[in-house]
Amino acid sequence: MRSLFRFCPLLLVLALLLGAGPAFAGKRVALVLSNSAYQNAPQLANPDNDGAVIAKTLKEAGFDVVDARHDLPALETRRALREFADSARDADIAVVYYAGHGIEVDGANYLIPVDAKLERDTDVYDEALSLDRVLVAIEPAKQLRLVILDACRDNPFGKTMKRTIASRGIGRGLAQVEPTSPNTLIAYSAKAGSTAQDGDGSNSPFTIALAKHLTTPGLDVRRAFGFVRDDVLKTTNYKQEPFVYGSLGGDDVPLVPAKIAAVAPAQPAVNAQAEVRRDYELALQVGNKAAWDAFLVQHPNGFYSSLAKLQLDKIAAEEAHAAATAKAKQAEAERDRLAAAGAQKEAQAKAEADAKAAEQAQLTAQKAKEQAQQQAAAAEQQRVNLAGAAPDGSTVKANNPPGTNVAALTPSAPADLTRSVQTELGRVGCFSGRADGNWNTASQRSLSQFNRYAGTKLDVKVASTDALDAVKAKPSRVCPRVCDRGFRADGDKCTKIVCGDGYVLNDDNECEKKRGKPPASTAKRDDGQQQDRPAKQRPQAGAAAAAAGGRASGGSGQIYCNDLICRPVKRGCHLGFRGGGGYGADPNPEICD
């Protein structure tokens with residue numbers, strides 16, 4: 001029995017060495033591409049620095065091949081990918097890192113070499129390199145194929161290139177991808193459709209986080225990207241969220257194997273709550289129903305299970321809204337078809353009722369979706385806040401009873417989400433206030449203005465993620481600039497209106513010619529003369545002055561006057577002339593035939 005115990009440590013070590021595959025990773029190769037010195041666009045400050053940091057990190061992590069290239073034209077980039085494909089043929093892990101400009105055209109992603117001109121949209125096929133070309137280069141790797149793209153910056157080429165076909169879409173940032181090859185991950189520095197920040201220093205926030213976490217010995221690559229996401233979110237004030245597309249199997253896949261020396265000594269027990277947190281963050285990265293169901297099977301109770309249930313509620317609400325939207329479109333199409341075909345009134349009335357009911361169901365589903373999204377976002381914000389307040393930055397308060405509704409603790413939208421919506425509304429010209437995270441009346445009015453000019457129907461009562469996505473999708477000003485009186489809108493500025501000599505600014509903010517007024521003394525003198533005239537002369541004086549008015553009104557052009565009034569002569573009549581006159585006698589009577 002004693003000899004058995006003597007050999008147990010040896011057996012344990014052998015079991016660990018033989019069973020822990022990731023501890024002895026095979027050949028690892030990497031290609032690092034960075035483009036800063038663009039010849040036909042403004043140069044970028046950080047990509048070359050970022051590439052140097054990542055190359056140094058991978059070399060220090062013991063990669064067998066680290067090929068670092070920078071500022072390559074298209075032809076040399078293709079050669080570099082071809083040579084790297086040869087290195088990846090017998091490799092277990094192949095990594096390609098790219099920093100520079102990227103562009104999405106018609107749902108496909110392209111990396112832009114430094115010599116690209118991209119004068120028209122179809123030039124991407126000749127002058128740029130598709131993401132598929134990069135995936136071909138790493139395809140021979142056996143265990144892990146990883147592409148990391150820090151290429152989601154604002155792209156100057158997309159604003160200047162000509163469209164050969166009006167319907168061809170050029171996106172903001174990169175498009176979402178779904179790798180078709182197994183064991184393939186594609187990591188974006190910012191979620192699809194959004195842009196990334198270069199940062200204030202010599203490296204981007206994404207690259208700094210990668211260098212910190214990606215090559216941690218023994219750390220699964222998916223968890224490493226989860227930590228990268230957390231760091232970038234905090235650094236950018238939750239404006240930039242890295243994202244990973246693709247899937248791996250159930251085994252851990254670290255870029256760097258665990259250190260053998262760490263196996264022999266006894267290790268302290270791993271914080272159970274930290275493990276739950278990591279599993280939660282992994283499910284959050286995947287983001288689908290299957291991932292959350294699997295998490296709840298593993299962790300059915302506790303703080304994180306409550307958060308996971310809110311995420312499932314959000315997904316269910318989004319699916320219900322999508323189904324209601326499709327049904328509303330189908331009902332509307334059927335109503336229009338029956339109307340065009342001249343169907344019976346009963347059939348058209350039923351179709352109209354079905355369309356209205358479907359539209360109402362869609363609106364109800366929209367509200368439910370927004371509420372679920374807000375609750376999930378609020379709970380996620382609280383989780384991040386609690387994690388940041390924990391002593392080790394990795395645990396949260398876990399004494400909540402099972403089934404606690406975390407969203408009920410923070411029913412309103414998070415201040416960071418509200419602030420982001422306000423900032424985006426200001427960018428498109430609909431909000432002129434300060435982005436303070438307070439969704440007040442002015443903020444609601446600004447979102448209402450956005451709805452009006454963008455043709456959307458967003459709920460203005462809250463700052464929702466749908467609102468943020470809708471406003472972010474607009475590349476330029478949406479709401480027209482409103483200027484004070486005396487100023488007119490001139491692009492993004494208000495310029496003062498200057499009227500020429502003899503013109504003044506009217507109430508409609510337009511220049512009009514000045515209207516002259518008769519001198520006050522002349523008016524009084526005329527009034528006095530009129531009063532001094534005999535009664536019999538006053539009508540004659542008025543007759544000549546009003547004759548033009550009679551002609552303008554469509555009458556005979558003559559005016560009949562007596563001691564009391566002057567009026568146009570009736571149709572078919574004319575004035576006679578007697579001369580003289582006197583009290584009660586008209587000098588010019590009205591004669592009708």
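For the structure, see preceding data.
Residues numbered from 1 in each chain as written. Predicted model: local features only at pLDDT ≥ 70, side-chain atom pairs only at ≥ 80, totals over all residues. Heavy atoms only, no water.

Q: Tell me about the overall build of the protein, residues and numbers included.
A: Of regular secondary structure, the protein possesses 17 helices and 17 strands. Residue burial in the protein is summarised as follows: out of 593 residues, 40% are buried. Summarising the internal contacts of the protein: among those between residues at least 6 apart in sequence, 64% fall at separations of at least 24. Surface exposure of the protein reaches about 32300 Å², of which carbon and sulfur atoms provide 52%. (Helix = DSSP H or I, 4+ residues; strand = E, 2+ residues; numbered from the N terminus. Buried < 20%, exposed > 50% of the residue type's maximum accessible area, 1.4 Å probe, protein only. Contact = heavy atoms within 4.5 Å. Areas by Shrake-Rupley, 256 points an atom, 1.4 Å probe, with all protein chains shown as cover.)

Q: Give a detailed account of the state of the cysteines, specifying residues and quantitative values.
A: In a disulfide, the sulfur atoms of two cysteines are held together by a covalent bond. Scanning the model with the defined rule gives two disulfides in all. Covalent S-S linkage joins C430 and C479, the inter-sulfur distance amounting to 1.9 Å. Taking the sign of the S-S torsion, 90° for the link of C430 and C479, the bridge is right-handed. With C430 in the loop between helix 13 (415–427) and helix 14 (441–454) and C479 in the loop between helix 15 (465–472) and strand 10 (487–490), this pair connects stretches of sequence that are 49 residues apart. Of the two residues, C430 and C479, both sit in the buried class. (Disulfide = S-S within 2.5 Å.)

Q: Describe the sheet that holds strand 5 (residues 108–111), and please don't skip the residues or the numbers.
A: On the basis of which strands lie adjacent, the open sheet formed by three strands has the order 4-5-6 and antiparallel pairing. Where the open sheet ends on each side, the last strands, each with one partner, are strand 4 (102–105) and strand 6 (129–130). As defined by bridge partners, strand 5 adjoins strand 6 across two bridges and the pair is classed as antiparallel. What sits directly across from L111, in strand 6, is L129. (Pairing = 2+ DSSP bridges.)

Q: Now, about unusual backbone geometry: what can you tell me, with residues and values included?
A: With phi around 55°, D71 is a residue other than glycine that occupies positive phi space. When you line up the elements, D71 lands in the loop between strand 2 (65–70) and helix 3 (74–87). For L118, which is not glycine, the phi torsion reads 50° and is therefore positive. Among the secondary structure elements, L118 is positioned in the loop between strand 5 and helix 4 (124–127).

Q: Please give an account of the nonpolar core that cites residues and values.
A: The biggest cluster of nonpolar side chains holds 46 residues, and the ones touching the most others in it are I103, V124, L131, L149 and Y188. A55, I148, F206 and A224 belong to the second largest nonpolar core, which has 33 residues in total. (Core = buried A, V, L, I, M, F, W, Y, C linked by side-chain atoms within 4.5 Å.)

Q: So what's going on with empty space enclosed by the protein? Residues and values would help.
A: By the definition in use, this model includes three cavities of 30 Å³ or more. The space that makes up the second largest cavity amounts to roughly 50 Å³. Lining the second largest cavity are L33, N35, L72, T77, Y98, L111, P113 and L129. For the lining of the second largest cavity, the per-class residue count stands at six nonpolar, two polar and no charged. (1 Å grid on protein atoms, 1.4 Å probe; cavity = no way out; pocket = protein on both sides within 12 Å on 5 of 7 lines; lining within 4 Å. Points joined across faces, edges and corners; volume = space filled by probe spheres on them. Nonpolar A, V, L, I, M, F, W, Y, C, P; charged D, E, K, R; others polar.)

Q: Provide a residue-level description of the pattern of salt bridges, including the pertinent values.
A: For the coordinates displayed, the defined rule picks out 21 salt bridges. For the salt bridge of R229 with D230, the shortest nitrogen-to-oxygen distance reads 3.0 Å. Put simply, R427 and E424 hold a salt bridge, and the shortest N to O gap is 2.8 Å. Here R427 and its partner E424 are both found in helix 13, three residues apart, which amounts to about one turn of the helix. A relative accessible area of 12% means that E424 is categorised as buried. Linked through salt bridges whose partners overlap, the residues forming this network are K191, R229, D230, E241, R277 and E281. (Salt bridge = Lys/Arg side-chain N within 4 Å of Asp/Glu carboxyl O.)

Q: Account for helix 10 (residues 289–298), with residues named and values stated.
A: Listed in full, the buried residues belonging to helix 10 are A291, W292, F295 and L296. One side of helix 10 holds all its buried residues, which, seen down the axis, span an arc of 130°. Among the exposed residues of helix 10, those pointing more than 90 degrees away from its buried face are A290, V297 and Q298. (Arc of directions from axis to C-beta.)

Q: Summarise the packing of helix 10 against helix 11 (residues 303–341); cite the residues concerned and give the values.
A: Close contact between helix 10 and helix 11 brings their axes to 10 Å; oriented N to C, the two are set at 155°. Taken together, the axes of helix 10 and helix 11 lie roughly antiparallel to each other. The chirality of how helix 10 crosses helix 11 is left-handed. Every residue of helix 11 that contacts helix 10 at K289, W292, D293, F295 and L296 is listed here: Y304, S305, A308, K309, Q311, L312 and I315. (Axes fitted to C-alpha atoms, helices over the stretch in contact; angles between N-to-C directions. Parallel < 35°, antiparallel > 145°, perpendicular 65-115°, else oblique. Left-handed = near helix turned anticlockwise from the far one by under 90°.)

Q: Can you explain the packing of aromatic side chains? Please cite residues and give values.
A: Two descriptors summarise a pair of aromatic rings, namely the distance from one centre to the other and the angle between the planes of the rings. Taken as a whole and judged by the stated rule, the model has eight aromatic pairs. Ring centres of F303 and Y304 lie 5.5 Å apart, and the angle between their planes is 85°; on these two criteria the pair is classed as edge-to-face. Grouping residues by exposure puts F303 and Y304 together as buried. Following the ring pairs from residue to residue traces out a cluster consisting of Y280, W292, F295, F303 and Y304. (Phe/Tyr/Trp six-rings, centres within 6.5 Å; stacked < 30°, edge-to-face > 60°.)

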